[in-house]
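Coordinate analysis (summary)
Listed below, chain by chain, are the residues.
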Amino acid sequence: APKLITNWTQFQKHFGGYRQDSFLAYAVNGFFLNKGSRCYISRVASDTAAIASAVLQDRAGVPLDTLRIQALNEGIWGNVLSVDIADGTQDPANEFKLVVKEDGTVVETWDDLSMDPVKTNYIESRVNGRSNFIQVEDLGSATPPPADRPAVVTDEALAGGVDGIADITDTDFIGDAGAKTGLYAFDSVDDVNTLAIPGKTSQAIVQAGLDYCA
């Protein structure tokens, strides 16, 4: 999905810095240096791209899978993420704390979380759409609460992230109208007046860009 970026620091936070295999960072930095103020970025990858993840088990005598932690999007960047689980601060007997680390450094802390979907501190409601690093999925453990909370762990690593860049093709950049990928990811954005795919100059991509703008 397109991400609204309003400065170079924000771009680095969400998409990283300069890469040898892409002109995008150079173009975005140049846009802001030349007084640009609002830029929508949509990541492109092939079908081989994968999201780093980890599955946490609950506190039952025979533990069951209870919570999936995933990186916010595809790529090897997610493989440097890890999480800690501890008891919650306000109600340690029923709630829990989730700490997110990047390369071992704490980057986010989510405290006093619940696995109960009807509560305001339900983990999916608290974390998803708000975290800059992860997304979570309640796996619906059959264990009764509060033992359905994820067990206490330290440095549980996310794994399996793949960039999906090595085998990327022109078709991936052009995208699919039905799936809203490639160029069509911008269908939901109304205030775009310039379209750029930095460094991509094949006839197929240029023509697809012209057709999309038209």
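Definitions and cut-offs
- Residues numbered from 1 in each chain as written.
- Predicted model: local features only at pLDDT ≥ 70, side-chain atom pairs only at ≥ 80, totals over all residues.
- Heavy atoms only, no water.
- Patch = residues over 30% accessible without salt bridge, like charges linked within 9 Å, V, L, I, M, F, W, Y side chains within 5 Å.
- Areas by Shrake-Rupley, 256 points an atom, 1.4 Å probe, with all protein chains shown as cover.
- Salt bridge = Lys/Arg side-chain N within 4 Å of Asp/Glu carboxyl O.
- Helix = DSSP H or I, 4+ residues; strand = E, 2+ residues; numbered from the N terminus.
- Buried < 20%, exposed > 50% of the residue type's maximum accessible area, 1.4 Å probe, protein only.
- Phe/Tyr/Trp six-rings, centres within 6.5 Å; stacked < 30°, edge-to-face > 60°.
- Pairing = 2+ DSSP bridges.
- Axes fitted to C-alpha atoms, helices over the stretch in contact; angles between N-to-C directions.

**With respect to a nonpolar patch on the surface**
Together, Tyr-18, Phe-23 and Tyr-26 give the surface a local cluster of nonpolar side chains, amounting to about 370 Å² of exposed area. Here Phe-23 is to be found in the loop between α1 (8-15) and α2 (24-33). On the accessibility criterion, Phe-23 (53% relative accessible area) is exposed.

**Re the packing of aromatic side chains**
Counting across every chain of the model gives six aromatic pairs. Ring centres of Tyr-18 and Tyr-26 lie 4.5 Å apart, and the angle between their planes is 40°; on these two criteria the pair is classed as tilted. On the basis of an interplanar angle of 70° and a centroid distance of 5.2 Å, the ring pair of Phe-31 and Phe-32 is categorised as edge-to-face. The class for Phe-31 is partly exposed, based on a relative accessible area of 32%. Phe-32 sits in the buried class, given a relative accessible area of 14%. In textbook terms, an aromatic cluster arises when at least three aromatic residues are bridged by ring pairs, as seen for Trp-8, Phe-11, Phe-15, Tyr-18 and Tyr-26.

**As for the sheet that holds strand β3 (residues 53-57)**
The strand order β3-β4-β8 describes an open sheet built from three strands, whose pairing is antiparallel. Strands at the two margins of the open sheet, each flanked by one partner only, are β3 and β8 (134-138). Strand-to-strand twist of the sheet, defined as the mean angle between neighbouring strand axes without regard to direction, takes the value 20°. Pairing of strand β4 (residues 65-71) with β8 involves five bridges; the strand directions are antiparallel. Note that in β8 the partner of Ala-71 across the bridge is Ile-134.

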